Amino acid sequence: MLHETDSANNILELSDYRVGFRTERGLAKAVDGVSLSLKRGSTLAIVGESGSGKTVLNRGIMGLLGANIIEGGSAKFQGEELVNTNRQKLWGTKMAMIFQDPMTSLNPVMKVGNQVSEPLRLHQGMSRKEARDRTVELFTLVGIPEPAKRFGEYPHQLSGGMRQRVMISIALAIEPDILIADEPTTSLDVTVQKYILDLLVDVQSKSNMSMVIITHDLGVARGRADEIMVMYGGRIMEKAPSETVFQEMKHPYTQALLSSIPRLNDPKHTRLTPIEGFPPDIVDGPQGCKFAARCKYAQDTCLTLAPEETTIDKHTYFCHFPVGTDAGSEALKSNEDKGFTAAGLRIKSKGEVV
Amino acid sequence: MNEEQEINADEVTNDSQASEEETNISDSTQLEVSEFADKKTLGFGFWLATFWLVLISFLAVFSPILPFKDADKNYIAYEQKENPLTGKVQERPVQPPYAPSGEHWLGTDQDARDILSRTIEGARISLAVGALTALFGMIVGGTLGMIAGYFKGILDKIVGAIFLVVLSFPGLILAILIVALLDRSLLTISVTLGILGVAPIGRLARAQTLSFSEREFVMAAETLGAKKSRILIKELLPNVLIPMSTLAMLVIAVAIVGEGTLAFLGLSVQNSATWGKLILTGSGLSTLESSPWVAFVPMGFLFLTVASFNYLSDRIRDYFDVRDIFVTRD
Amino acid sequence: MPKPIRRLIGLLGLLTIVSMVTFGAMNFLGDPLFNILGPVAADVDNPESLKVIEEAKAQYHLDKSLPERWARWAWDFVRGDFGVQFSSSGQPPVSDLIKERLPRTLELMAVAQIIAVSLAIPWSVLAASRANRRTDKISTITAFAFVSIPSFAMAVILFYFFSVQWDLLPDTYTATDPFWGISHDHRLIQLILPGFTLGIGSAAAYQRLLRTDLITTLQQDFILMAKSKGVSKRRVLYSHALRPSLFSMITLLAINIGFMIGGSLVVEQFFRIPGIGSAVVEATLREDFPVVLAIVMIVSAGFMVFNYLADYLYTLIDPRVRNEDTSKPRKITSMGM
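Calculation rules
- Residues numbered from 1 in each chain as written.
- Chains lettered and ligands numbered in written order.
- Predicted model: local features only at pLDDT ≥ 70, side-chain atom pairs only at ≥ 80, totals over all residues.
- Heavy atoms only, no water.
- Pairing = 2+ DSSP bridges.
- Helix = DSSP H or I, 4+ residues; strand = E, 2+ residues; numbered from the N terminus.
- Buried < 20%, exposed > 50% of the residue type's maximum accessible area, 1.4 Å probe, protein only.
- Contact = heavy atoms within 4.5 Å.
- Expected span 1.5 Å × (residues − 1).
- Phe/Tyr/Trp six-rings, centres within 6.5 Å; stacked < 30°, edge-to-face > 60°.
- Lys NZ or Arg CZ within 6 Å of the ring centre and 35° of its normal.
- Axes fitted to C-alpha atoms, helices over the stretch in contact; angles between N-to-C directions.

(A) Looking closely at the sheet that holds strand 5 (residues 80-81) of chain A. All names here are of chain A. Sheet architecture is open: 4 strands sit in the order 2-1-4-5, paired in antiparallel fashion. Among the strands making up the open sheet, the edge pair consists of strand 2 (26-39) and strand 5. Where strand 4 (residues 69-77) meets strand 5, 2 bridges bridge the pair, whose relative direction is antiparallel. Its bridge partner lying in strand 5, Phe 77 is registered against Glu 80.

(B) Broad picture of the environment of Leu 144 of chain B. Residues and elements named next belong to chain B. Along the chain, the position of Leu 144 falls in helix 4 (residues 115-151). For Leu 144, a relative accessible area of 26% translates into the label partly exposed. Dropping the residues within four chain positions of it, Leu 144 is found in contact with Val 159 and Phe 163.

(C) Representation of helix 12 (residues 247-260) of chain C within the structure. Over its 14 residues, helix 12 of chain C runs 20 Å from end to end, which matches the ideal 20 Å to within 8%, given 1.5 Å per residue. Taken across its 14 residues, helix 12 of chain C has 14 buried, putting it largely inside the fold.

(D) Spotlight on the packing of aromatic side chains. Taken as a whole, this structure holds 20 aromatic pairs over all chains when the rule is applied. On the numbers, 6.1 Å between centres and 40° between planes, the contact of Phe 264 of chain B with Phe 270 of chain C is tilted. Of the two residues, Phe 264 of chain B is situated in helix 9 (residues 228-264) and Phe 270 of chain C in helix 13 (residues 265-270); the pairing between them involves two chains. An identical accessibility class is assigned to Phe 264 of chain B and Phe 270 of chain C; each is buried. The interplanar angle of 45° and the centroid separation of 6.1 Å between the aromatic rings of Phe 23 of chain C and Trp 73 of chain C together place this pair among those described as tilted. Of the two residues, Phe 23 of chain C is situated in helix 1 (residues 3-29) and Trp 73 of chain C in helix 4 (residues 66-78); the sequence distance between them amounts to 50 residues. Through pairs of rings, three or more aromatic residues link up here, namely Phe 264 of chain B together with Phe 152, Phe 159, Phe 270 and Phe 271 of chain C. The residue whose ring lies beneath Arg 132 of chain A is Phe 151 of chain A, and the NZ or CZ to ring-centre distance is 4.2 Å. Stacked on the ring of Phe 246 of chain A, the Lys or Arg Arg 222 of chain A has its end atom at 4.1 Å from the ring centre.

(E) Looking closely at the environment of Ser 169 of chain A. All names here are of chain A. By secondary structure assignment, the location of Ser 169 is in helix 6 (residues 160-174). In the structure, Ser 169 is positioned 109 residues away from Gly 60 in sequence and 23 Å away in space, judged by C-alpha atoms. Not counting residues within four places of it along the chain, the set of residues in contact with Ser 169 comprises Val 116, Leu 138, Phe 139, Val 142 and Ile 144.

(F) How the structure looks around the sheet that holds strand 3 (residues 43-47) of chain A. All names here are of chain A. The 8 strands lie next to each other as 6-7-8-3-9-10-12-11, forming an open sheet whose pairing is mixed. Strands at the two margins of the open sheet, each flanked by one partner only, are strand 6 (95-98) and strand 11 (309-312). Taking each pair of neighbouring strands and ignoring which way they run, the sheet shows an average axis angle of 20°. Pairing of strand 7 (residues 178-182) with strand 8 (residues 210-215) involves 5 bridges; the strand directions are parallel.

(G) Spatial organisation of the pairing of strand 10 (residues 235-241) of chain A. Residue and element names in this part refer to chain A. Of all 7 residues in strand 10, 5 are buried; the element is thus mostly enclosed. Pairing geometry for strand 9 (residues 227-232) and strand 10, over 6 bridges, is antiparallel. Within strand 10, the residue paired with Tyr 232 across the bridge is Arg 235. Count of turn residues in the strand 9/strand 10 antiparallel hairpin: 2 residues, of which Gly 233 carries a positive phi of about 55°. As paired strands, strand 10 and strand 12 (residues 315-318) are joined by 2 bridges and run antiparallel to one another. Its bridge partner lying in strand 12, Lys 239 is registered against Thr 316.

Right under this line is the structure:
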């Protein structure tokens, strides 16, 4: 199992959590056995490409997926089992969510002020006036200029950054114990992204709520999350305290993710290495390691045998040939010599994917 | 088959998640997982509707040689009854209307005429009106629309204006005006109702022609030097015909309803029993009280036929992904 | 020129053409003189009759050419003079008839549309919230059936059950009373049956549109957002999902209202409501051309105005299109009479 922690101190504890969708072809295992624990007041970043199951995981925890799914394993929120229960009582009181695209996740025909004050009036019993005052206060807090005037405007009248600030005010209005931010900055300008992220972290630390940030960008997680979890094909690939992931990454997928995104301190014209191929089929997926087909390190074992969990200190990973270990270097070298991996992926000697 | 699968899926859902009533607003949630769209099938209802239309058309066309009762004959029944004056038991006529029985499956009207036979007799006229109307609408509307869509320019403008004017008329008033001023023959009524279908059919034909005339196969034919008339008939018509015929089915439904409406205004086809007229004769207060079947039998036939045409049109439009929404009204 | 104004001018042009076509058709197909004078009009051999004919021709400008007569009629019409009723004794002005009949039709229409909308909204919400489940499937079939029942059939059905069988509702309208004369409650009861006759069909048509739009809306992110805020299911449906889903329905509603200004002729006829619809039927059968012409003009104008409004009405629900002209609802072609 994962590292032992005082469970009373954990706001969220998943063990072998699974979410499946019924499809015509069979069960699609969108989340395939995830275990994690989140401490009160800390931040977890879940990183992965689209299709890695990170969004399903979080919506699954919140119980927002509808009836067409099958949930399995265990997910405990403040010690209470969530799996296969109705979580409606937690919505808007203990859990809050920030969605990726504030344009589509704000009601286009409702004044933004009312969208913020709605949970205040519904759950905190505020009068119309109290809720309005509180909303204006929250708008000020998240840095919306002319908050009283913005109250009566519609989402389309605001810029992307302002809309996301409105979303954050909604989350803050709820004063949740846990805030799940699903790609909170993906749809925003690069210049606004940093501001919004810092704002989120700022309000999170002030209010001592726990936060889960879902992102495909490792850079977003760096310095903001206490812990980073890398997901692929519905499974955990690697999980470690934030800096550990950057300093001593063990999983080839983490490595590939990191080299596929630009960094500010990169020299000009740095060539980015995109990850070749597509996420695996989650209905009829590979037997062994989910990433094997796209992995430079892949050996025959990877194709047939799913890797076991390895935990060193607080660093957990699932890999037969981890980066930076002897086994890993050997595997990579033998693949480079052959020119292709066990899964048939062609690679150049430098390690670049052809 | 499609229906069955969906219902089974429902049951599984209900069993597995007890809390779904509260938590779930809509089954479908858009996620990273692509849910596989339902396969396109026409479904059970499609075949049911087709079956009904084939049956009623068959009965209508072949009713003269089928062993139905004479639609115009008075089948007075007699019974042995004591004459209150003389006290003798003698054969006396029973007062019609007669309720449905082994003799008259769907009953008789107040003149002891067989309702089933009369309804099938009515189907002949009503279906003929529907077919002629759709034919007129398709020929006139389709031709105008295709010409407008293919030649564009000034022709398109003129045809568009004609459609606009036709659509601006209050349809039913136009119809009663023409029918009242001309005559009440089958042809006049069909053509009048057909005029109402010209503009919708024409607009659809124009839009389809417009989009298809930009496609490769038409371009290819043009560069090969094919004559315009040939392109219109050989290349474009087959592609315009399917969406147009779905609309034509709606036009048939509208025409059948339209005939009934005219009948209720006293303006239906002269000297023949149509569904509209049969319903009208059955809908008087005393007739409804004593023999509701006189009105409800032809009404049932009319409803099934109109619903079948509507449904077929709907399904085929879905199947071929025709996006426009048509709303029929009366 | 701004688009709305250009469209208005276009509508005026259309109305002019409609009046010309109607005017021409009536004069070609019918015989106005005969309608004014009766059998005398044919009796040209008799000098006595001939004199009457000449007088009538002069009085009604029948000796003039068709375009000139149309021009005279149009000039009178725009000044509010609709002419006289040929077929009524004493030839009272057409406007008297309209003033008497139009309010009845408008009232019927209002009752019918209120019934339709108040049935359609909860019905659609119920169906959409259970999309593709049994409740929804049954309601879809029901809506389909109601759409396929013509109004004359619906009239007979409702009349049979509510008046003949159960004797709950009055079947006829107190035709002899003037519109403003009788007590309003009394007339509203009389309008229940005709109102439902028209309203149920409309409700079903609205339901079909609104359900589809609601299902689309319910898949939007902002619905998930509202749910995650802890908004109750009911509130999500009615205050978050409903309003942005109303566009297609509003469009059809406007088209329907425009259309029903002509009165549903059959319903007025069946329930003996002396509205504008039954007026035009009577006038047509008697070939009372000034009446027909005036009603055709009023109905066409109303029809066009509401069609025109339909295009601008959804700006009321959607703040996004108030300024710019972006998203348009699905194209709705209405067909029928």
